[in-house]
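Inside the fold
Residues per chain are reported as follows:
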Amino acid sequence: RQLSEALAQVTGRPNALLIGDFNTPGESVHFNAYRQELADAFEAGGRGLRETWFYTLPVLSIDHVWVGRDWQVLEARKVWSLDSDHAALLVRLVPRAVAAATKGQSIHPGMGE
């Protein structure tokens, strides 16, 4: 029920960001409705294993960043810390309108790209 309630808050909002520890693996059928409305940032811009939990042996991807259609994911990666048993997800985004308007120009400030 909580997954449905969270999705209801962002349905119809293409600029939405839905971020958190969902305690539900990304492969779950419970995210099928999410995929109709949002994109998983790690699937869109990440590389490698996406599992964010358990610290010493990552086995589940239960932390997620879901983005609305107005966003373009530039990068998504995990960041480990000794302060948590979860990896944090670092996601760099740009509005699609900005990406389209600056096509061919750098939209990665300070990244040398």
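Below, the structure is looked at part by part.

Thresholds, definitions, all that
- Residues numbered from 1 in each chain as written.
- Predicted model: local features only at pLDDT ≥ 70, side-chain atom pairs only at ≥ 80, totals over all residues.
- Heavy atoms only, no water.
- Core = buried A, V, L, I, M, F, W, Y, C linked by side-chain atoms within 4.5 Å.
- Buried < 20%, exposed > 50% of the residue type's maximum accessible area, 1.4 Å probe, protein only.
- Helix = DSSP H or I, 4+ residues; strand = E, 2+ residues; numbered from the N terminus.
- Salt bridge = Lys/Arg side-chain N within 4 Å of Asp/Glu carboxyl O.
- Pairing = 2+ DSSP bridges.
- Contact = heavy atoms within 4.5 Å.
- Phe/Tyr/Trp six-rings, centres within 6.5 Å; stacked < 30°, edge-to-face > 60°.

Next up on the list: the nonpolar core. Core analysis: the biggest nonpolar cluster contains 10 residues, these being Leu3, Leu7, Val10, Ala16, Leu18, Phe22, Phe31, Tyr34, Leu38 and Trp66. Looking at which element gives the most residues to this core, the answer is helix H1 (residues 2-10), with 3 residues. Among the nonpolar cores identified, the runner-up in size contains 7 residues, and Phe42, Val67, Trp71 and Val73 belong to it.

In this section: the pattern of salt bridges. Counted by the stated rule, this structure contains 6 salt bridges. Its salt-bridge partner being Glu75, residue Arg77 comes within 2.9 Å of it at the nearest N-O pair. Three or more residues are tied together by salt bridges with common partners; here these are Arg35, Asp40, Glu43 and Arg50.

Spatial strand order, E1-E3-E2: 3 strands in an open sheet with antiparallel pairing. Looking at strand neighbours, the two that pair on one side only are strand E1 (17-21) and strand E2 (39-40), the edges of this open sheet. Pairing of E1 with strand E3 (residues 63-67) involves 5 bridges; the strand directions are antiparallel. The residue bridging Leu17 from the neighbouring strand is Val67, located in E3.

Looking now at the environment of Pro58. Structurally, Pro58 can be placed in the loop between helix H3 (41-45) and E3. Distance in space between the C-alpha atoms of Pro58 and His86 is 8.6 Å, their sequence separation being 28 residues. If near-sequence neighbours (up to four positions away) are discounted, Pro58 is found in contact with Glu51, Trp53 and Trp80.

The subject of this paragraph is the packing of aromatic side chains. Within a pair of aromatic rings, the relevant descriptors are the distance that separates the centres and the angle that separates the planes. Scanning all chains against the criterion turns up 6 aromatic pairs. Here the aromatic rings of Phe31 and Tyr34 are separated by 5.0 Å at their centres, their planes lie at 85 degrees, and the arrangement is edge-to-face. Judged by its relative accessible area of 1%, Tyr34 falls in the buried class. Between Tyr34 and Trp66, the aromatic rings sit 5.3 Å apart at their centres with planes inclined by 55 degrees, giving tilted as the arrangement. Here the residue Tyr34 occupies a position in helix H2 (residues 32-37), and Trp66 occupies one in strand E3, the gap between them amounting to 32 residues. Of the two residues, Tyr34 and Trp66, both sit in the buried class. Of the aromatic side chains, those joined through ring pairs into one cluster are Phe22, Phe31, Tyr34 and Trp66.

In this section: the pairing of E3. When you tally the buried positions in E3, you get 5 out of 5 residues, the bulk of the element. Neither face of E3 is exposed, since Asp63, Val65 and Val67 on one face and His64 and Trp66 on the opposite face are all buried. Here 2 bridges tie E2 to E3, and the two strands are oriented antiparallel to one another. By the bridge assignment, Asp40 is partnered in E3 with Trp66.

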